Amino acid sequence: YWLVSCCFCCTAKWHRIPKGRGLEAGKEFVFRGGQHDGQTVAQVLAAGGERYLCWAAEKHPRQYVREQVKNALDAMGR
């Protein structure tokens, strides 16, 4: 989702990301915030965070993060 806000009245609304506008091809997902801030899924896995990634793929509060972690784990054959 994108948070779109008005520069005049400061109201904001969440909108679904249009198809084709999500993560650019070739770029890896990077965690923002939390204990793995700035790390990719591969970096978290290499640091022994497999348990965290399993949790994130199933129960992370943000759907986008769940999807990206699942996709990255699937691509790695996990």
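Our subject is the structure listed above.
This is a predicted model, so every value here is computed, not measured.

(A) Molecular detail of the nonpolar core. Phe29, Phe31, Val41, Val44, Leu45, Leu53, Ala56, Ala57, Val65, Val69, Ala72 and Leu73 together form the largest nonpolar core, which totals twelve residues. Of the residues forming this core, the biggest block, four residues, is contributed by helix α3 (residues 63-75). Once residues within four sequence positions are removed from consideration, valine 65 is found in contact with Phe29, Phe31 and His60.

(B) Fine view of the environment of tyrosine 64. Looking at where tyrosine 64 falls in the secondary structure, it is placed in helix α3. The spacing of tyrosine 64 and tyrosine 1 is 63 residues in sequence and 7.4 Å in space, taken between C-alpha atoms.

(C) Spatial organisation of unusual backbone geometry. Positive phi outside glycine occurs at cysteine 10, with the angle close to 70°. With respect to the element layout, cysteine 10 can be found in the loop between β1 (2-5) and β2 (12-15). A relative accessible area of 62% places cysteine 10 in the exposed class.

(D) Examining the side chain of histidine 60 more closely. Along the polypeptide, histidine 60 turns up in the loop between α2 (50-59) and α3. Of note is the side chain of histidine 60, whose polar atom sits 3.1 Å from the backbone nitrogen of arginine 62. Setting aside residues no more than four positions away along its own chain, histidine 60 makes contact with Tyr52, Trp55, Val65 and Arg66.

(E) Just α2, in detail. For α2, the set of buried residues is Leu53, Ala56 and Ala57. Along the long axis of α2, the arc covered by the buried residues comes to 95°, so they all point the same way. Of the exposed residues in α2, the ones pointing more than 90 degrees away from its buried face are Arg51, Glu58 and Lys59. Of the surrounding secondary structure, the elements contacted by the buried residues of α2 are α1 (41-46) and α3.

Cut-offs applied
Residues numbered from 1 in each chain as written. Predicted model: local features only at pLDDT ≥ 70, side-chain atom pairs only at ≥ 80, totals over all residues. Heavy atoms only, no water. Core = buried A, V, L, I, M, F, W, Y, C linked by side-chain atoms within 4.5 Å. Buried < 20%, exposed > 50% of the residue type's maximum accessible area, 1.4 Å probe, protein only. Helix = DSSP H or I, 4+ residues; strand = E, 2+ residues; numbered from the N terminus. Contact = heavy atoms within 4.5 Å. Polar contact = N/O pair within 3.5 Å; in protein donor to acceptor, adjacent residues only side chain to side chain. Arc of directions from axis to C-beta.

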